[in-house]
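Breakdown of the fold
Chain residues, written in single-letter form:
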Amino acid sequence: MPEDALTIHEAAETTGWSPRMLRYVELVGLVEPARSAGGYRLYGPAELQRLRTLRELLDAHDLSLSDVAFARRLREEPTLRAVTEEWLEARPERPKHVPADDWLRWEQEKHQRLLSLPTTTPA
């Protein structure tokens, strides 16, 4: 192990992030620690700086990790960026076959049908 790298537990102690949160930060692609020959995460000065500035970003702008992770995905996934932009720009529009005075009930029923669908768990 390089002398200028910390294990996940040492990095957690140094940064104030828990090992579990460090794994999550890696999972969502916000920090990518090197790996030892045995597969252990190694946090060097660059990763520690990244974690420090991440905490500063979260605190300064009242963000969550998922907010920053989503922003990263928007930068890296053009299709996700496009459909998100499309949704943000879209205006609500009543379906032509639904009478204006029935739109609220129609939307409520649609939501109820969606909520009643069985949920699936990824394998």
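Notes on the structure in this doc start here. (Residues numbered from 1 in each chain as written. Predicted model: local features only at pLDDT ≥ 70, side-chain atom pairs only at ≥ 80, totals over all residues. Heavy atoms only, no water.)

Below, the discussion takes up helix α3 (residues 45-61). Its 17 residues place the ends of α3 24 Å apart at the C-alpha level, agreeing with the 24 Å of an ideal helix rising 1.5 Å per residue. Every buried residue of α3 is listed here: Glu47, Leu51, Leu54 and Leu58. Along α3, the residues classed as buried sweep out an arc of 60° about the axis, all on the same side. Opposite the buried face of α3, by more than 90 degrees, sit the exposed residues Pro45, Ala46, Asp59, Ala60 and His61. On its buried face, α3 sits against α1 (8-15), α2 (19-27), β2 (41-42) and α4 (65-76). Downstream of α3 by one or two residues, Asp62 has phi in the positive range, about 50°. (Helix = DSSP H or I, 4+ residues; strand = E, 2+ residues; numbered from the N terminus. Expected span 1.5 Å × (residues − 1). Buried < 20%, exposed > 50% of the residue type's maximum accessible area, 1.4 Å probe, protein only. Arc of directions from axis to C-beta. Contact = heavy atoms within 4.5 Å.)

Ranked by size, the top nonpolar core spans 16 residues in total, and within it Trp17, Leu22, Val25 and Leu54 carry the most contacts. Listed by contribution, the elements that provide at least two residues to this core are α1, α2, α3 and α4. Setting aside residues up to four positions removed in sequence, Leu54 forms contacts with Trp17, Val25, Leu30, Leu65 and Val68. (Core = buried A, V, L, I, M, F, W, Y, C linked by side-chain atoms within 4.5 Å.)

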